[in-house]
There are 2 protein chains.
Amino acid sequence: MADHNALPLVILAEKFASLPGIGMKSAQRLAYHVMSMDEASVEAFAKALVDAKKNVHCCKCCQNLTERDLCPICSDNDRDHGVICVVETPKDVTAFERTREYSGVYHVLHGLLSPMDGITPDKLRIKELLARIAQGGVNEVIMATNPTVEGDATAMYVAGLLKPMGIKVTRLAFGLPVGGILEYADEVTLYKALENRNSM
Amino acid sequence: MADHNALPLVILAEKFASLPGIGMKSAQRLAYHVMSMDEASVEAFAKALVDAKKNVHCCKCCQNLTERDLCPICSDNDRDHGVICVVETPKDVTAFERTREYSGVYHVLHGLLSPMDGITPDKLRIKELLARIAQGGVNEVIMATNPTVEGDATAMYVAGLLKPMGIKVTRLAFGLPVGGILEYADEVTLYKALENRNSM
């Protein structure tokens, strides 16, 4: 914003623009919107920011974000603690929970291996996973990282660590997305769908 | 977010989702991003929100947003205080300032007439404009509201109040946007461009 703009507004717009997916134009629009909110709402927003950062941390078991010591999923005795679904981010946990079909527990790696970007195994929550499994009672680990180069590499790496421990390691199925159109499927997806075909 | 998510994160996502143009999916993404920021940055963001709301108010003269009593434009003696450009929002002031061609001052109405939505003349900063003009020294008022039904209606209404005061009232020119392609211009714009043609 030009120098005729009020400084606190310029600062606020810059803060919004520092968030992912928000450009300077949108950030200005958001800053102006804040001016039209009542003071209590703005203070509640500011409090929500600080509260989330201060009170939310990683679950000591599955590393998902939670405000408790042990997250609701890890402390739920109705869930199958013998099956661990390993995901990249807390968002992936939300995605699986939306299916309402998975009754096991999770482990959040908080990233994928990417040595070029300096993300080596020690940067991920892999040792926490190994420690969980070392405690016993785990029958299966489902590698549910994205079907990308990094996702596959991470799944392979973790599987390589777990197999010598005698743990069954599985990977999510790749194939046609449900409701998708065969004609528009890319070659790799189609090849995977063919390779992993099931008897009817 | 489902109930397995940390409550402070859910609250923060709802705050983001309450902003214009941010849906629930983006809001969740932003909330997760906040978790990855360091605590000082989050606190600076929260402070920027509260500071902007607390310290920014309307200029007592032109009603533009400023943290001073009189905004930098109104207190600039190099500008022509005899010409007032009347705009809908503070964003419009920024748009005109970007042209670097306008040396007059502004008046921000903070809205457009829209009786159906309950926005009657008393809801806009029209009386403040009349009070400014009553003090004398104003030669021209440029109605620079958007070329929409509400923008035109507001321009007409304000012009109707100013003309009996003996003030020259002008309206922004409508025509082809510079760099635009004639073929794609809508009928009304093309008609306006024809009607307001200039001698070469």
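Residues numbered from 1 in each chain as written. Chains lettered and ligands numbered in written order. Predicted model: local features only at pLDDT ≥ 70, side-chain atom pairs only at ≥ 80, totals over all residues. Heavy atoms only, no water.

Engineer: Looking at this structure, I do not really get unusual backbone geometry. What am I missing?
Structural biologist: Glycine aside, the phi torsion of most residues is negative, and most peptide linkages are trans. Within the chain, A:Gln63 stands out as a residue other than glycine whose phi angle is a positive 70°. Look at A:Gln63 and you get buried, because its relative accessible area is 5%. Here the phi dihedral of B:His110 falls at roughly 60°; this positive angle occurs in a residue that is not glycine. Mapped onto the fold, B:His110 is located in the loop between β4 (104–108) and α5 (126–134). Among the residues examined, B:His110 registers a relative accessible area of 27% and is labelled partly exposed. (Buried < 20%, exposed > 50% of the residue type's maximum accessible area, 1.4 Å probe, protein only. Helix = DSSP H or I, 4+ residues; strand = E, 2+ residues; numbered from the N terminus.)

Engineer: When you look at the environment of A:Gln63 in this model, what are you seeing that I'm missing?
Structural biologist: For A:Gln63, the position within the fold is in the loop between β1 (57–58) and β2 (65–66). With 46 residues separating them in the primary sequence, A:Gln63 and A:Leu109 have C-alpha atoms 7.4 Å apart.

Engineer: Explain the sheet that holds strand β5 (residues 140–143) of chain A to me, please; I cannot follow it from the model alone.
Structural biologist: Each strand in a sheet pairs with another by means of backbone hydrogen bonds, the pair being arranged parallel or else antiparallel. Residues and elements named next belong to chain A. Ordered by their spatial adjacency, 4 strands build an open sheet running β4-β3-β5-β6, and the pairing between neighbours is parallel. On the outer flanks of this sheet lie β4 (104–108) and β6 (168–171), each paired with one strand and no other. In this sheet, adjacent strand axes meet at a mean angle of 25° when their direction is disregarded. In the sheet, β5 pairs with β6 via 4 bridges, with the strands oriented parallel. Directly across from valine 141, in β6, lies its bridge partner valine 169. Seen against the sheet, helix α5 (residues 126–134) touches β3 (80–87), β4 and β5 and runs at an angle of roughly 145° to β4. Lying over the sheet, helix α6 (residues 149–162) contacts β5 and β6, oriented at roughly 170° with respect to β6. (Pairing = 2+ DSSP bridges. Axes fitted to C-alpha atoms, helices over the stretch in contact; angles between N-to-C directions. Contact = heavy atoms within 4.5 Å.)

Engineer: I tried to follow the interface of chain B and chain A on my own but got confused; where do I start?
Structural biologist: It is common to give the size of an interface as the accessible area lost on bringing the parts into contact. Facing 52 residues of chain B, the contacting portion of chain A comprises 52 residues. When chain B packs against chain A, the two sides together hide about 4800 Å² of surface, and 74% of this comes from carbon and sulfur. Here chain B is connected to chain A by 2 salt bridges. On inspection of chain B and its partner chain A, the count reaches 8 residue pairs in polar contact (both at pLDDT 80 or more). Counting only elements with at least two residues in the side of chain B that touches chain A, the list comes to α1 (7–17), α2 (24–36), α3 (39–55), β2 (65–66) and α4 (90–99) of chain B. A total of 14 residues in the side of chain B that touches chain A trace back to one element, the largest contributor, which is α3(B). For the side of chain B that touches chain A, the per-class residue count stands at 29 nonpolar, 9 polar and 14 charged. (Buried area = accessible area lost by both parts, 1.4 Å probe. Salt bridge = Lys/Arg side-chain N within 4 Å of Asp/Glu carboxyl O. Polar contact = N/O pair within 3.5 Å; in protein donor to acceptor, adjacent residues only side chain to side chain. Nonpolar A, V, L, I, M, F, W, Y, C, P; charged D, E, K, R; others polar.)

Everything listed is a geometric property; what it means functionally is a separate question.
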